[in-house]
Amino acid sequence: MITSLQPSVHEDALASRPPVINDFSIRVATKNGSGSQTANTTLLRALFKMGIPVSGKNLFPSNIQGMPTWYTIRANKDGFIARRPSAEIVVAINPATAIEDYQSVETGGFFMYADDIKLQMNRSDISHYPIPVKKLATENEKDPKLRTYVANMVYVGALAWLLGIDLADIESALLFHFKGKRKPVDSNMKVVRQAHQWAAENLIKTDPFRVEKMNATDGLIMIDGNTAGALGAIYGGVTFAAWYPITPATSLADALNHFLPRLRTDPETGLPTYAILQAEDELAALGMVVGAGWAGARAMTSTSGPGISLMTEFTGLAYFAEVPAVIWDVQRMGPSTGMPTRVSQGDVLKVYFLGHGDAKHPCYLPGNVKECFEFGWRAFDLAEYLQTPVFVLSDLDLGMNQWMSEPFEYPDQPMQRGKVLTADDLKRLGGFARYRDVDGDGIGYRTLPGTDHPLAAYFARGTGHNERAQLSERPEDWENNMARLGRKFEMARKLMPKPIVQRVDDAEIGIISYGSADPAVEEARALLAQAGIKTSYLRLRALPLEQTTTDFIAAHRRCYVVELNTDAQMLQLLRLHAPEFATRLVAANHSDGLPLTADWISAAIRTSEGTAI
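Residues numbered from 1 in each chain as written. Predicted model: local features only at pLDDT ≥ 70, side-chain atom pairs only at ≥ 80, totals over all residues. Heavy atoms only, no water.

## Here's the deal with the pairing of strand β13 (residues 325-331)
Inference 1: With 7 of 7 residues buried, β13 lies mostly within the body of the structure.
Inference 2: The alternating pattern of β13 places A325, I327, D329 and Q331 and V326, W328 and V330 on opposite faces, both of which are buried.
Inference 3: The pairing of strand β12 (residues 299-303) with β13 spans 4 bridges and is classified as parallel. Bridge pairing in β13 links M300 to V326.
Inference 4: In terms of strand pairing, β13 meets strand β15 (residues 389-395) through 7 bridges, oriented parallel. Bridge pairing in β15 places A325 opposite P389. (Buried < 20%, exposed > 50% of the residue type's maximum accessible area, 1.4 Å probe, protein only. Helix = DSSP H or I, 4+ residues; strand = E, 2+ residues; numbered from the N terminus. Pairing = 2+ DSSP bridges.)

## Focus on the sheet that holds β13
Inference 1: The 7 strands are arranged β11-β10-β12-β13-β15-β14-β20 in an open sheet whose pairing can be described as mixed. Each of the sheet's edge strands pairs with one partner strand only, and the pair in question is β11 (275-278) and β20 (542-543).
Inference 2: Of the pairings in the sheet, the one linking strand β10 (residues 240-243) to β11 comprises 4 bridges and is parallel in character. Residue pairing across strands places F240 opposite A275, the latter belonging to β11.

## What to know about the confidence of the model for the chain
Inference 1: With 96% of its residues at a pLDDT of at least 70, the chain reaches an overall mean of 94.
Inference 2: For the stretch residues 1-5, pLDDT sits under 50, and the model shows 13 contacts to residues farther than four places along the chain or on other chains. (pLDDT = per-residue confidence, 0-100. Contact = heavy atoms within 4.5 Å.)

## Topic: a nonpolar patch on the surface
Inference 1: A surface patch of nonpolar side chains, amounting to about 340 Å² of accessible area, comprises Y235, L263 and Y410.
Inference 2: Looking at the element boundaries, Y410 is found in the loop between β16 (402-405) and α16 (423-429).
Inference 3: Overall, Y410 belongs to the exposed group, its relative accessible area being 63%. (Patch = residues over 30% accessible without salt bridge, like charges linked within 9 Å, V, L, I, M, F, W, Y side chains within 5 Å. Areas by Shrake-Rupley, 256 points an atom, 1.4 Å probe, with all protein chains shown as cover. Salt bridge = Lys/Arg side-chain N within 4 Å of Asp/Glu carboxyl O.)

## Examining the pattern of salt bridges
Inference 1: For the structure on display, the rule yields 39 salt bridges.
Inference 2: Of the charged contacts, one joins R493 and E490 as a salt bridge, the two residues approaching to 2.9 Å between their closest N and O atoms. Here the residue R493 and the residue E490 both occupy positions in helix α17 (residues 475-495), the gap between them amounting to 3 residues, near one helical turn.
Inference 3: Residue class for E490 comes out partly exposed when judged on its relative accessible area of 38%.
Inference 4: The shortest N-O distance in the salt bridge between E609 and R557 comes to 3.5 Å. Placement of the pair is E609 in the segment after α21 (598-608) and R557 in the loop between α19 (547-554) and β21 (558-563), with a sequence separation of 52 residues.
Inference 5: What emerges from the salt-bridge pattern is a single network uniting R298, D381, E384, R417 and R446.

## Concerning the packing of aromatic side chains
Inference 1: Under the criterion given, the structure shown has 12 aromatic pairs.
Inference 2: Centre to centre, the rings of Y364 and F375 are 4.8 Å apart; their planes meet at 35°, and the pair counts as tilted. Taken together, the positions of Y364 in strand β14 (residues 363-364) and F375 in helix α14 (residues 369-386) put the pair 11 residues apart, joining distant regions of the chain.
Inference 3: On the basis of an interplanar angle of 90° and a centroid distance of 6.2 Å, the ring pair of F432 and Y458 is categorised as edge-to-face. Note that F432 is positioned in the loop between α16 and α17 and Y458 in the loop between α16 and α17, a separation of 26 residues in sequence. In terms of burial, F432 and Y458 fall into one category: buried.
Inference 4: Through pairs of rings, three or more aromatic residues link up here, namely Y235, F373, F408 and Y410.
Inference 5: The cationic tip of R123 hangs over the ring face of Y102; the distance from NZ or CZ to the ring centre is 6.0 Å.
Inference 6: In this structure, K360 is placed above the aromatic ring of F489, and the distance from its NZ or CZ to the ring centre is 5.1 Å. (Phe/Tyr/Trp six-rings, centres within 6.5 Å; stacked < 30°, edge-to-face > 60°. Lys NZ or Arg CZ within 6 Å of the ring centre and 35° of its normal.)

Below you can see the structure in the form of structure tokens.
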């Protein structure tokens, strides 16, 4: 047991190391529901305001309040913000996980802990900092119900002193969190300042970690992907949303509820120009969306894997009746209930081929929060242009965690409603056939309910039909309709965003990835380059795949497909897309519920290439 605040002989040796500036990970161990999120995001934003590239990841339990939770902050002066497998700085406030937390500290790091935690501490390769969490919390908060929340600010203040975080930036972060309300800001800052002063008077710093102001975050914002996606949908003209609560997609609907009243209320009448409904389940939610999309609304829902399962039948109806709908799948770990608060990219095959019979769906694959915003509005244009369900495949890491980003760009084009006939069009044409391919692109013309013309009506069928939307089970009508749907899907291949390609001269190895794996891949490429392994990189942004991807595979001896699932699902799609190059594609998939790390990707590729680790 460490009982003295004075440094040991070993810690004297640790203190003599050169400083490590703006390059470390902090892991904070607390209890779920203890209010630690405020403290953790305050630290994250304070570092961000100091101009230091950062990311924050919350690892929280899926069951009940009081269970262990961990929050990790990565700070890196070079801009690498993927999760690291270990942390140099560990803050232990939860006695239940203290042993595990103590053992997890990276050699050369430090362990800050509540001084009432009792465990044997015998490591000489790290620094130890006990802090009187309960004592300082009790002195600053008389209400026992609030004392737990206040206690989290103790470690904020102590860390601020140890690392050199400017208290003005802590206060600025709190002002952002509490939306400028001085009372909670002042209450929290009182604890922060007292803990900061206590640390300055009682702790002797024996670790090398420091922060210094940079300008690497100038002009950037910090936001989570679900909020970005909701804002994108609003700027894309969403008028109807139906949803059912499910982790990790609920906060996307919450963001719609938060921003729509501010951004989509009629300034003259004060009335909303939208509708949001919480349905009784995911099946009902998509049913409402399909009905609204048929009526002409820009309609969407957000869910995760289990919800997608319930939405299968209505997705098939929308596909075959050709009704626009936007569906966000914020992926989590399965099968079954799985681990609802862990990340995965396990819905790729399921969503792409969702439904019984022959069906495929366009899917956006955002790799950052800026693309969550962009694809949030583009999905509506595509859904209405193609008259089909369009999916946005995000995931828990991208959707719920905080990310740095350049400011979002306002949509650069007017809303595209697609082939919608007006009453004047019908008068001029003398009628229309709903499912006839007039233009050779597989997309028919449609009318919207309420169009004032006697020939505007048609029957939107999920059953077999001919081009005039009449019930038909004639083989030739079925084959003609399916061939037309195939042509429409080929149109989608041309309309979806192309992959982003980084080619390196003489690189024989390519990496293909997508979604939230991108930061880890970028850092892994730097590690591989240090080992003398050149790599090119293609980041997929949509399905179906197109020629750019085929050309990339053809140009490399081997292509490693990096993804977060057990069955290498994107690898399977790539082999279907480019069977002539199937042997060049190598799986580099990993799925343990946690975001990928650069270390794992680098080691997997080096092992496969036969390079000593």
